[in-house]
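Commentary on secondary and tertiary structure
Below are the chains, spelled out letter by letter.
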Amino acid sequence: MLEYKMEVIPHTTQCDFNNDLKASGIVDILQDAARLHIQKLGYDDVEMKKLGYCWVLTYECFEVVKRIPKLGEKIIVNTWPHEKRKLEYDREIEIRDEFNNLLVKSYTNWVIIDREKRNLVRANEVIIEGEFKGNINYSGPCKRKINLGKGNILNTYFHKVELTDLDTNMHVNNAKYLDFIMNSMTIEEYSQIHYLELAFYHEALLYDEIKVIHFKNEENLDCYRGLIKDIICFEAIIKLNK
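A brief structural summary. (Residues numbered from 1 in each chain as written. Predicted model: local features only at pLDDT ≥ 70, side-chain atom pairs only at ≥ 80, totals over all residues. Heavy atoms only, no water.)

**Thoughts on the overall build of the protein chain**
- Per the secondary structure count, the protein chain includes 3 helices and 11 strands.
- Each helix and strand of the protein chain, placed in order from N terminus to C terminus, yields the pattern β-α-α-β-β-β-β-β-β-α-β-β-β-β.
- For the protein chain, the C-alpha radius of gyration of 18 Å lies close to 18 Å, the compact-globule estimate for 242 residues.
- Considered along the principal axes of its C-alpha atoms, the protein chain spans approximately 50 × 45 × 35 Å.
- When burial is assessed residue by residue, the protein chain has 51% of its 242 residues classed as buried.
- Of the contacts made within the protein chain by residues no fewer than 6 positions apart, 72% connect residues no fewer than 24 positions apart.
- Looking at the protein chain, you have 33 positive and 39 negative side-chain charges, and the mean spots of the two groups are 2 Å apart. (Helix = DSSP H or I, 4+ residues; strand = E, 2+ residues; numbered from the N terminus. Rg over C-alpha atoms; globule rule 2.2 N^0.38 Å. Buried < 20%, exposed > 50% of the residue type's maximum accessible area, 1.4 Å probe, protein only. Contact = heavy atoms within 4.5 Å. Lys, Arg positive; Asp, Glu negative; His and termini not counted. Charge placed at Lys NZ, Arg CZ, Asp CG, Glu CD.)

Structure representation (structure tokens):
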């Protein structure tokens, strides 16, 4: 069965000043579970580098079903892939407490990138063998884009990419974008994210300046768009716990 479970205890750097697991901490745990599972299946970073490829996350969503985990709480993370599509591998991830209550559920879209050319590689270049899980939360194909329209700009925030923002692919790690969004808020505005959609369009590299724009769309949802020299880097929709 193509499924992987692990126990996690959120640590201080993953949690906020209220001892709640931050949005970036949730994403950090989700991508770590995916990484460990794909490592078990034989396609970790080392093997992918030998092939000249790397895994790249293009889209992720998560929804807090019951509550946000706390600092030091033991949680169970369960992940499984869907059958591959032409260019993508979709993957689901759940976070449960030790009593098996579903706390957070997530759906993510992954593609394979050629390390040198930086272009997409067909999914059949990496064949994952095994029995796919039948009990799933999301039946349709995962998104790759959000395609937010325009709206009334509420705030603008700037972040210059530094060394600590980079991951093994030498670009800004996925979880960092959530910190950029949260850092654009004032302490009075701050609240935990209970629903997230986040799509990645363009790599952010060392010393790039990301302009993060917060606006309301036509549905009055809180939207964020990251720009690097007028090129869209990411787009996000969030709902806060208010």
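Moving on, there is more to tell.
**Digging into the pattern of salt bridges**
- All chains considered together, the criterion is met by 16 salt bridges.
- For the salt bridge of R35 with D32, the shortest nitrogen-to-oxygen distance reads 2.6 Å. In this pair, R35 and D32 are both assigned in helix α1 (residues 23–40), 3 residues apart and thus about one turn of the helix distant.
- Judged by relative accessible area, R35 falls into the partly exposed class, the value being 37%.
- The residue E203 makes a salt bridge to R118 at a minimum N-O spacing of 2.3 Å. In this pair, E203 sits in the loop between β8 (193–200) and β9 (209–216) while R118 sits in the loop between β5 (102–114) and β6 (120–121), placing the two residues 85 residues apart along the sequence.
- By relative accessible area, which is 32% here, R118 ends up partly exposed.
- Salt bridges sharing common partners tie together R85, E88, D90 and R144. (Salt bridge = Lys/Arg side-chain N within 4 Å of Asp/Glu carboxyl O.)

**Thoughts on the environment of T156**
- Counting through the fold element by element, T156 comes out in strand β7 (residues 152–160).
- Note on T156: relative accessible area 34%, which makes it partly exposed.
- Spatially, the C-alpha atom of T156 lies 37 Å from that of K74, the residues being 82 residues apart in sequence.
- Sequence-distant contacts of T156, that is, excluding residues within four places in its chain, are made with K211, V212 and I213.

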